[in-house]
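Residue-level listing of the chains:
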Amino acid sequence: ASAQFQLAVPVAVVFAPGSVPGDLPKPLPFRDVREMEIPVNLKTTVTSRYEMVYRSATAQEEAALEAATAQEADAALHPLQDATLGSLTMYVVPETSSLLPQGTSVYVGKHRSALVRAGGSLAALRTRLQQLTQVMSFTASSITAALSDRVPDGQLGPDARRHLKSSLGYEITFSLLNPDPKSHAVDWDIEDAVNRYVRPVLDKLSLVANFSVDSQILYYAVLGVTPRFDKESSSFLLSAHSLPHVINPVEARLGSSAASLYPVLNFLLYVPERSHSPLYIQDKDGAPVSTNAFHSPRWGGIMVYNVEAPASPQASLPLHVDVDMVRVMEVFLSQLRLLFGLSREELPREFLLESPGNEGLADWELDCLLWAHTVENVATVSTTLTSLAQLLDKIGNIVIKDDVASEVYRAVASAQSAMAELAAGHLHSAFQASKEAVTSSERAFFDPSLLHLLYFPDDQKFAIYIPLFLPMAVPILLSLAKIVREARQCKKEPTKMD
């Protein structure tokens with residue numbers, strides 16, 4: 001199925017006093033549109049449109065930009081900005097401004113704005129703005145990753161299939177694995193940790209999908225890979241190449257993912273048994289991993305939590321262990337960001353990104369997710385409906401009920417509406433329409449009235465009906481043959497009489 005996506009990003013470029021480049025083509029304010037093609041495949045084209053409005057700062061914005069630090073300026077500017085999802089505001093400050101630290105030319109705030117050094121000429125400023133708009137909305141790689149099902153394998157980056165597929169909901173399971181309860185009585189306050197560290201992040205992500213969180217403690221659950229003992233450090237090591245083999249044996253104990261409607265994210269805290277303590281994870285180069293954790297794309301993550309050996313060998317077992325949930329949640333939240341594709345790696349050195357704080361992700365990072373998920377949802381709907389049409393073509397005698405037809409029409413209308421809203425730069429309504437389109441297309445595809453016919457092709461009908469009708473058909477066919485023979489004989493006899 002072919003699709004032409006147009007993604008429009010509204011960008012306001014606001015000049016503080018003393019930052020206006022001398023070579024502006026026309027007096028402020030003025031509009032400027034930049035377009036960029038993102039190559040996907042022959043049938044799918046993506047055009048990104050950056051609709052820039054250049055203007056001078058208002059008196060309130062000027063006052064906010066006189067703050068002592070970039071963080072204070074960001075907080076003061078937030079109520080003055082356009083808060084709609086997907087829109088960006090870039091504040092251009094003079095080259096000599098002390099707001100930005102030395103060596104930093106771009107500061108990205110917590111919300112939907114950034115501070116940019118003027119850079120002298122309009123061309124230099126435009127280069128910085130182009131880099132910045134891509135960081136804060138979408139890059140070619142984030143869109144091709146969202147459309148990974150349509151992109152030829154050779155064109156995909158190594159991380160394209162690492163992110164979770166877009167879904168209407170996700171289930172998050174935190175599991176504590178205690179393989180040696182005779183030696184360790186492990187206590188973790190998971191409820192308080194979820195409320196304090198995970199809930200704020202999920203509240204922010206509630207726009208993207210519904211989330212459910214549960215936790216469990218599994219006893220006698222082992223990793224399934226025997227770690228190697230290292231004499232030098234007198235510790236046990238798990239090497240990078242053995243990590244994929246760790247997951248399968250553990251997953252058999254986790255349960256629930258088979259019965260789940262939505263993708264399940266597993267976060268496992270593993271307290272190694274006493275005979276394999278302390279246990280450390282090594283990376284590909286043999287160096288110890290600082291977090292002592294690893295993540296598996298689209299699945300979740302595992303953290304190894306070592307327990308200190310008792311000071312005296314006569315200590316009574318089991319040892320009581322209180323898990324440091326701050327350290328654990330720090331690791332799990334960074335793994336959650338990786339699973340959603342919110343890693344902050346490919347940034348130029350002169351970029352400074354504000355930490356999102358307790359919410360776990362900045363407003364503009366939420367927008368990045370919504371851009372990618374909207375595009376992915378529309379592509380999924382297109383594929384689902386094409387598959388449904390091809391299946392129905394193959395089944396000649398199918399009856400399509402009115403409610404299935406109306407779901408198909410609704411899915412098509414919602415997908416077209418999402419495309420139109422994307423082209424208009426209305427990210428929130430585009431995302432909502434794309435979610436409705438996915439729901440309708442799946443309802444149509446999995447409708448019970450179609451399902452039994454999809455699994456009942458013609459050759460199966462013959463296989464079922466021939467054994468039923470053949471015993472009855474044999475005497476009928478023999479009688480017919482006899483009637484035909486007698487009729488022929490009756491015709492031949494009068495000619496003999498002559």
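Keep in mind the model is a prediction, meaning the values are calculated, not measured. (Residues numbered from 1 in each chain as written. Predicted model: local features only at pLDDT ≥ 70, side-chain atom pairs only at ≥ 80, totals over all residues. Heavy atoms only, no water.)

**Quick notes on the packing of aromatic side chains**
Scanning all chains against the criterion turns up 12 aromatic pairs. Residues Phe15 and Tyr54 carry aromatic rings whose centres are separated by 6.1 Å and whose planes lie at 15 degrees to one another, so their mutual orientation is stacked. Remark: Tyr54 occurs in strand β3 (residues 44-56) and Phe15 occurs in strand β1 (residues 3-15); sequence separation between them is 39 residues. With respect to class, Phe15 is no different from Tyr54; both count as buried. By the ring-pair criterion, three or more aromatic residues cluster together here, those being Phe15, Phe30 and Tyr54. (Phe/Tyr/Trp six-rings, centres within 6.5 Å; stacked < 30°, edge-to-face > 60°. Helix = DSSP H or I, 4+ residues; strand = E, 2+ residues; numbered from the N terminus. Buried < 20%, exposed > 50% of the residue type's maximum accessible area, 1.4 Å probe, protein only.)

**Description of the sheet that holds strand β11 (residues 235-238)**
Think of a sheet as strands paired side by side through backbone hydrogen bonds, with each pair either parallel or antiparallel. With mixed pairing, 3 strands are arranged side by side in an open sheet as β10-β11-β13. Either end of the sheet is taken by a strand with one partner, and the two such strands are β10 (228-230) and β13 (279-281). Neighbour to neighbour, the strand axes of the sheet diverge by 40 degrees on average, direction disregarded. As judged from the 3 bridges shared by β11 and β13, these two strands associate in the parallel manner. For Phe236, the partnering residue across the bridge sits in β13 and is Leu279. (Pairing = 2+ DSSP bridges. Axes fitted to C-alpha atoms, helices over the stretch in contact; angles between N-to-C directions.)

**Focus: the UniProt feature "transmembrane region" (unreviewed entry) in the protein chain**
Mapped onto this structure's residue numbering, the UniProt feature "transmembrane region" (unreviewed entry) falls at residues 462-484. Helix makes up 100% of residues 462-484 and strand 0%, whereas the separation of the span's terminal C-alpha atoms amounts to 27 Å. (UniProt positions renumbered as here; feature names shortened; annotations may be inferred.)

**Looking at the packing of helix α9 (residues 402-424) against helix α10 (residues 427-445)**
Pairs of packed helices are described in terms of their axes, by the angle between the two and the distance that separates them. Between α9 and α10, whose axes approach to 8 Å, the crossing angle comes to 160 degrees. As the angle between them shows, α9 and α10 are arranged roughly antiparallel. Seen from above, α9 lies across α10 with left-handed handedness. Where α9 abuts α10, its residues Val404, Glu407, Val408, Arg410, Ala411, Ser414, Ala415, Ser417, Ala418, Glu421 and Leu422 lie against Ser429, Ala430, Ala433, Ser434, Glu436, Ala437, Ser440, Ser441, Arg443 and Ala444. (Parallel < 35°, antiparallel > 145°, perpendicular 65-115°, else oblique. Left-handed = near helix turned anticlockwise from the far one by under 90°. Contact = heavy atoms within 4.5 Å.)

**Some remarks on the pattern of salt bridges**
Per the counting criterion, the structure on display carries 14 salt bridges. Note that Asp367 is salt-bridged to Arg112, the shortest N-O span being 2.6 Å. Placement of Asp367 in helix α8 (residues 363-394) and of Arg112 in the loop between β5 (106-108) and β6 (113-117) is noted, with a sequence separation of 255 residues between them. Note on Asp367: relative accessible area 0%, which makes it buried. (Salt bridge = Lys/Arg side-chain N within 4 Å of Asp/Glu carboxyl O.)

**A short note on the sheet that holds strand β4 (residues 88-93)**
If you walk across this open sheet you meet the 7 strands as β2-β3-β1-β4-β6-β5-β17, and the pairing is mixed. Two strands bound the open sheet, and with one partner strand each, they are β2 (30-39) and β17 (351-353). Looking at each pair of strands side by side, their axes are set apart by 20 degrees on average, direction ignored. Judged from the 5 bridges that link them, β4 and β6 form a sheet pairing that is parallel. Note on β6: the bridge partner recorded for Thr89 is Ser113. Relative to the sheet, helix α2 (residues 70-77) contacts β4, β5 and β6, its axis offset from that of β6 by approximately 130 degrees. In the packing of helix α3 (residues 122-136) onto the sheet, contacts are made with β1, β2, β3, β4, β5, β6 and β17, and the angle to β6 comes to roughly 155 degrees.

**Points about the nonpolar core**
Formed by 90 residues in total, the largest nonpolar core has its most connected members in Phe174, Leu205 and Phe340. The dominant element in this core, judged by the number of residues it contributes, is α8, at 9 residues. Mapped onto the domain boundaries, this core takes at least three residues apiece from domain 1 (169-340) and domain 2 (366-452). Sequence-distant contacts of Leu205, defined by excluding residues within four places in its chain, comprise Phe211, Phe340, Leu361, Leu366 and Leu369. Counting residues in hydrophobic clusters, the runner-up holds 20 residues, among them Leu218, Ile247, Leu279 and Ile302. (Core = buried A, V, L, I, M, F, W, Y, C linked by side-chain atoms within 4.5 Å. Domains from an automatic or database assignment.)

**A few points about the side chain of Gln81**
Checked against the element boundaries, Gln81 lands in the loop between α2 and β4. Judged by its relative accessible area of 11%, Gln81 is buried. Ignoring sequence-local partners within four residues, the contact set of Gln81 consists of Thr89, Tyr91, His111, Arg112 and Ser113.

**So, unusual backbone geometry**
Note: most peptide bonds trans; most residues except glycine with negative phi. Backbone torsion omega between Leu28 and Pro29 reads -10 degrees, so that peptide bond is classified as cis. With respect to the element layout, Pro29 can be found in the loop between β1 and β2. Here the bond from Ser277 into Pro278 is cis, since omega is -10 degrees, no more than 30 degrees from zero. Within the element layout of this structure, Pro278 appears in the loop between β12 (264-270) and β13. A positive phi angle is found at Tyr220, which is not glycine, with a value near 60 degrees. Turning to its location among the elements, Tyr220 is positioned in the loop between β9 (210-219) and β10. The residue Ser234 is not glycine, and still its phi comes out positive at about 45 degrees. Here Ser234 is to be found in the loop between β10 and β11.

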